[in-house]
Amino acid sequence: MKSRNLEALLASQAARRPIVRLVWLSTGDERLVSDVAELTAAEDDLADAVGSAFVDDEGALVETARGPVFVQPFNPSPRLAIVGAVHIAQSLCALARDLGHAVVVIDPRRGFLTEARFPGVEISHAWPDEALAAFGLDARSAVVTLSHDPKLDDPALHSALRSNCYYIGALGSRRTQEKRRTRLVEAGFDDAAIARIHGPVGLDIGAGSPAEIGLSIAAELTACLRKRR
């Protein structure tokens, strides 16, 4: 890799910006693109592969008019912020980490959020909006609120809705969701913003136990990360 491209790649990784490296195998030419829109008209035959690289995190070899091109993605690792140190959070932590997410659990209630209950997981006792500001939400971040307490969940949802995070989920029955919607409208959020929230959270698999609910959330996270929902 050329030194200038390596420097640009490292800078993008440090800033958690996705970037794709294109290498023309017949000539050794290479360049970096951070968006499909950056491709030239002569590179239209790479658009599908580049778009997929940003979503699927997988490289591809593409035959083009200029010869074979290797499309190599360098995407930031996905991250998950969980608000509410409940039993579901314990199951979800393990699943999300296995799926490659860096996880932080946020709950100012120190009796709930302990290292013993969440071993090896980053924990934060800050108020949710403060914790998420430090976390730095971006397009490869997800937020799930599980506390069932508006004093904790609502500040987290406000922060999430003001960001471009790829997934927002909120635990609660449909009645709870309607009450939450009313509070969000009163807080100034419109229908389009509120529609970003997946609630009740998780895919509908008939989940009942904390482990099953954690599984349904992890599945929905994956579907949204891969732009399937």
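Here, every reference points to the structure presented above.
Owing to the predicted nature of the structure, the values given are computational and were not obtained by experimental measurement. (Residues numbered from 1 in each chain as written. Predicted model: local features only at pLDDT ≥ 70, side-chain atom pairs only at ≥ 80, totals over all residues. Heavy atoms only, no water.)

Colleague: Explanation requested: the environment of L9 in the structure shown.
Modeller: Following the sequence through the fold, L9 ends up in helix α1 (residues 3-14). Residues L9 and R162, 153 residues apart in the sequence, show an inter-C-alpha distance of 27 Å. Setting aside chain neighbours within four positions, we find L9 in contact with M1, I19, L32 and F74. (Helix = DSSP H or I, 4+ residues; strand = E, 2+ residues; numbered from the N terminus. Contact = heavy atoms within 4.5 Å.)

Colleague: Explain the side chain of S163 here, please?
Modeller: With respect to the helices and strands, S163 occurs in the loop between α5 (150-161) and β9 (167-170). Exposure remark for S163: the relative accessible area of 17% places this residue in the buried category. A distance of 3.2 Å separates the side chain of S163 from the backbone nitrogen of C165, its partner in a polar contact. Apart from the residues within four sequence positions on either side, S163 is in contact with L137 and R196. (Buried < 20%, exposed > 50% of the residue type's maximum accessible area, 1.4 Å probe, protein only. Polar contact = N/O pair within 3.5 Å; in protein donor to acceptor, adjacent residues only side chain to side chain.)

Colleague: Where do I start with the nonpolar core in this structure?
Modeller: Generally speaking, soluble globular proteins have nonpolar side chains that are buried together. One finds L80, I82, V105, L146, Y167 and I217 to be the most contacted residues of the largest nonpolar core, which totals 27 residues. Counting only elements with at least two residues in this core, the list comes to β5 (79-83), α3 (87-98), β6 (102-106), β8 (141-145) and α8 (210-225). Residues A81, V83, A131 and L157 belong to the second largest nonpolar core, which totals 22 residues. (Core = buried A, V, L, I, M, F, W, Y, C linked by side-chain atoms within 4.5 Å.)

Colleague: Even after reading the chapter, I still don't get the packing of aromatic side chains, so can you show me in this structure?
Modeller: The description of an aromatic ring pair uses the distance of the two centres, along with the angle that the planes make with each other. Following the criterion strictly, the structure yields zero aromatic pairs and no others. Sitting over the ring of F135, R79 keeps its end group 4.1 Å from the ring centre. (Phe/Tyr/Trp six-rings, centres within 6.5 Å; stacked < 30°, edge-to-face > 60°. Lys NZ or Arg CZ within 6 Å of the ring centre and 35° of its normal.)

Colleague: Just checking my understanding: could you explain the environment of V86 for this structure?
Modeller: Among the secondary structure elements, V86 is positioned in the loop between β5 and α3. With 52 residues separating them in the primary sequence, V86 and S34 have C-alpha atoms 38 Å apart. Sequence-distant contacts of V86, defined by excluding residues within four places in its chain, comprise R117, F118 and L146.

Colleague: Would you mind going over helix α4 (residues 128-135) with me for this structure?
Modeller: Residue pairs three or four apart in sequence face the same way in an α-helix, which turns once every 3.6 residues. Those residues of α4 that fall on the buried side of the exposure criterion are P128, A131, L132 and F135. Each buried residue of α4 sits inside an arc of 95 degrees when the element is viewed along its axis, so together they form one side. Projecting away from the buried face of α4 at angles above 90 degrees are the exposed residues E130, A133 and A134. Against β5, β6, β7 (122-124), β8 and α5 lie the buried residues of α4. In the segment just after α4, G136 is the residue with positive phi, at about 80 degrees. (Arc of directions from axis to C-beta.)

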